[in-house]
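What the coordinates show
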Amino acid sequence: MGIARDWRLRSQRYALVGEICDDCGRKIFPPRDVCPYCAEEAQTPFHFSGRGEIYSHTTIYNPPAGFEEFAPYTVALVKLEEGPLVTAQLTDVDPQEIAIGQPVEMVTRKIREEGPEGLIVYGYKFRPRLQAA
Amino acid sequence: MGDEGHRARVQDTQHVTRNTQYGIMKPSTDVGIVGYGAYIPRYRLPATEVARVWKGGEGGLPVTEKAVPGLDEDTLTIALEAARNALARAQIDPQLIGAVWVGSESHPYAVKPTSTIVAEAIGATPHTEAADWQFACKAGTETMQASIGFVASGMARYALGIGADTAQGRPGDALEYTAAAGGAAYLIGPAEESLVLFEASFSYVTDTPDFWRRPYMHYPSHGQRFTGEPAYFHHVTSAARHLMAEMDRTAADFTYVVLHQPNAKFPQRAAKMLGFEREQWTTGLLCPVIGNTYAGAAMLGLTAILDEARPGDTILAVSFGSGAGSDAFALRVTERITERQHRAPKTQDYIARRKEIDYATYVRYRKKLQMQ
């Protein structure tokens, strides 16, 4: 993936910035030009809370190129509190500790490195929710 | 030089202490800490594992265990989670943060700031100052000293000072027992919004070659026993004594003390030298269970104290960075602390979130395996 694309996506990657539809009021992630629910254009940026729960998950033992150093790792569909389903890696958790419905929260972690001389790409992952006491 | 040199230094310190020309640092406008946040990674390497692999299981252990970053963690991710916790406590508009500063000796890039990524992720960009700071383990408290000046002068309403590290120790070296990962963030702002006030601070530095790392070197070098008396103890106690003397305070005037903690022994001995009692330092002494988090060490000890502090409590915090120097801060807790302590995970929550790993897993996580 190119430098320009990673750079353009930084708001959604670092801080889960999506959109709220000005027409139907639905919350959208990732952000896109047209609302997937009502087809209206020009949405308003919206910061998602980062809280959600695990909708489904699978553990990757044979990773694609660029992710070898992290295997085995778990990828989940996370149902955000605000509605959208997001695909993301889970972190700080062992595969046997993961359950459907488990509360999780967004953290920003290293997604991959473009080799030893390239950029480090950071983005959202989810981990079991660490409650403020 | 030996004893003679040491005596000369002590006399020099006493001279400086009496000389008000070198007064303490106190801004003309009162400022304080509006929000604070801690972060400690989940993984722990017991010191017995290092001893098992390198010492045949023999020898003394400087800590019980140390915090190890996961495969997807680095100084940026640690700094960012600490910063988010500080903002959760402060609940201010991040666009009002006029500076985002990250102090570390393990920035992910040699050239490309960690601070701009933190600033972007917390929503402080683009109308802000950002920079990475370096001074071994003192890099984090430097950002606090600078933040005090930046806010007190009116150049910014808020400044965010962060200390974070993923320290590396050479395999088998004494530092491998303790070199750990963690960080803390402090949002400095106006006194009337603060949960802790800076009463005064002081910085004390000399050219003392106790620990260093040359460019392109993976592991640091150190002066063995030279890291003790002329480096850690001289700078920590000089900074603390000067600040207390100028404020006309003694150890008994502080509820808590937290010092830089490269191992379990040094900070306790230095605190005793300064006249403190065990109950004043235990809350902020985290090194035995998380190791030395370098730029995060004194700052994380302070977050652990703030998690427990009550209005009116007083705190002496002193960092130490090799090379060498110390920043000392006298703090007074305000009534705003109680409403904000629970807005983010506490330092002890992160310490309790613990997964023990063996030396082999540690070698993989810290990328000590040559893959190609």
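Topic: the pattern of salt bridges
Within the structure shown, the criterion is met by 30 salt bridges over all chains. Here B:Arg353 makes a salt bridge to A:Asp92, at a shortest N to O gap of 2.9 Å. With one member in each of two chains, B:Arg353 in the loop between α12 (347-352) and β14 (355-356) and A:Asp92 in the loop between β6 (85-89) and β7 (103-113) form a pair that bridges those chains. According to the relative accessible area criterion, B:Arg353 is buried, its value standing at 14%. Exposure remark for A:Asp92: the relative accessible area of 7% places this residue in the buried category. A single network of salt bridges, built from pairs that share partners, joins A:Asp92, A:Arg109, A:Lys125, B:Asp72, B:Glu73 and B:Arg353.

Focus: helix α4 (residues 114-122) of chain B
With seven of nine residues buried, α4(B) is to be regarded as a mostly interior element. Those residues of α4(B) that sit buried are B:Thr114, B:Ser115, B:Ile117, B:Val118, B:Ala119, B:Ala121 and B:Ile122. As for α4(B), its buried residues are in contact with α2 (10-15) and β8 (120-128) of chain A together with α3 (75-90), β4 (97-103), β5 (129-133) and β6 (158-166) of chain B. Following α4(B) by one or two positions, B:Gly123 has its phi on the positive side, about 85°.

So, the confidence of the model for chain B
Confidence along chain B averages 93 in pLDDT terms, with 94% of residues attaining 70 or more. Considering only residues more than four positions removed or in separate chains, one finds that residues 1-19 of chain B, a stretch of pLDDT under 50, has 13 contacts.

Here's the deal with the interface of chain B and chain A
Opposite the 28 residues of chain B that make contact, chain A presents 28 residues. When chain B packs against chain A, close to 2,300 Å² is buried across both sides, 47% of that on carbon and sulfur atoms. At the surface where chain B touches chain A, the tally comes to 11 salt bridges. Counting every contact that joins chain B to chain A gives 20 residue pairs in polar contact (both at pLDDT 80 or more).

As for the packing of helix α6 (residues 228-246) of chain B against helix α7 (residues 265-273) of chain B
Residues and elements named next belong to chain B. For the pair α6 and α7, interaxial distance at closest approach is 10 Å and the crossing angle is 45°. What the angle tells us is that α6 and α7 run oblique. In the packing of α6 onto α7, the handedness of the crossing is right-handed. Residue-level inspection shows Gly228, Glu229, Tyr232, Phe233, Val236, Thr237 and Arg241 of α6 in contact with α7, the latter providing Phe266, Pro267, Arg269, Ala270 and Met273. Residues of the contact of α6 with α7, tallied by class, amount to seven nonpolar, two polar and three charged.

Thoughts on a nonpolar patch on the surface
A cluster of nonpolar residues, A:Tyr55, A:Leu77 and A:Leu85, forms a patch on the protein surface that exposes about 270 Å² of accessible area. Its location among the elements puts A:Tyr55 in strand β4 (residues 51-60).

Examining the pairing of β5(B)
All names here are of chain B. Of the strand pairs in this sheet, β4 and β5 are connected by five bridges, and their pairing is parallel. Across the sheet, residue Ala99 finds its bridge partner in β5, namely Glu129. Between β4 and its parallel partner β5, the chain crosses via α4, and the hand of that crossover is right-handed.

With respect to the packing of aromatic side chains
Residue and element names in this part refer to chain A. Enumeration over the complete set of coordinates arrives at 17 aromatic pairs over all chains. Positioned over the ring face of Tyr37 is Arg26, at 3.8 Å from the centre of the ring. The positively charged end of Lys125 is found above the aromatic ring belonging to Phe70, 4.8 Å away from the centroid.

Overview of the environment of A:Tyr61
Residues and elements named next belong to chain A. By the element assignment, Tyr61 lies in the loop between β4 and β5 (73-80). Exposure remark for Tyr61: the relative accessible area of 58% places this residue in the exposed category. Taking C-alpha positions, Tyr61 is 40 Å from Ala42, a pair spaced 19 residues apart along the chain. Those residues in contact with Tyr61, other than ones at most four positions away along the chain, are Ala71 and Pro72.

Quick notes on the pairing of β7(A)
All names here are of chain A. Burial of β7 is extensive: nine of the 11 residues sit out of reach of the surface. Pairing analysis gives three bridges linking β4 to β7, with the strands arranged antiparallel. Each residue of the ladder has a partner; that of Arg51, found in β7, is Glu105. The sheet contact formed by β7 and β8 spans nine bridges and is antiparallel. Bridge pairing in β8 links Lys110 to Tyr122.

Thresholds applied
- Residues numbered from 1 in each chain as written.
- Chains lettered and ligands numbered in written order.
- Predicted model: local features only at pLDDT ≥ 70, side-chain atom pairs only at ≥ 80, totals over all residues.
- Heavy atoms only, no water.
- Salt bridge = Lys/Arg side-chain N within 4 Å of Asp/Glu carboxyl O.
- Helix = DSSP H or I, 4+ residues; strand = E, 2+ residues; numbered from the N terminus.
- Buried < 20%, exposed > 50% of the residue type's maximum accessible area, 1.4 Å probe, protein only.
- Contact = heavy atoms within 4.5 Å.
- pLDDT = per-residue confidence, 0-100.
- Buried area = accessible area lost by both parts, 1.4 Å probe.
- Polar contact = N/O pair within 3.5 Å; in protein donor to acceptor, adjacent residues only side chain to side chain.
- Axes fitted to C-alpha atoms, helices over the stretch in contact; angles between N-to-C directions.
- Parallel < 35°, antiparallel > 145°, perpendicular 65-115°, else oblique.
- Left-handed = near helix turned anticlockwise from the far one by under 90°.
- Nonpolar A, V, L, I, M, F, W, Y, C, P; charged D, E, K, R; others polar.
- Patch = residues over 30% accessible without salt bridge, like charges linked within 9 Å, V, L, I, M, F, W, Y side chains within 5 Å.
- Areas by Shrake-Rupley, 256 points an atom, 1.4 Å probe, with all protein chains shown as cover.
- Pairing = 2+ DSSP bridges.
- Right-handed = clockwise from strand over helix to strand, strands pointing away.
- Phe/Tyr/Trp six-rings, centres within 6.5 Å; stacked < 30°, edge-to-face > 60°.
- Lys NZ or Arg CZ within 6 Å of the ring centre and 35° of its normal.

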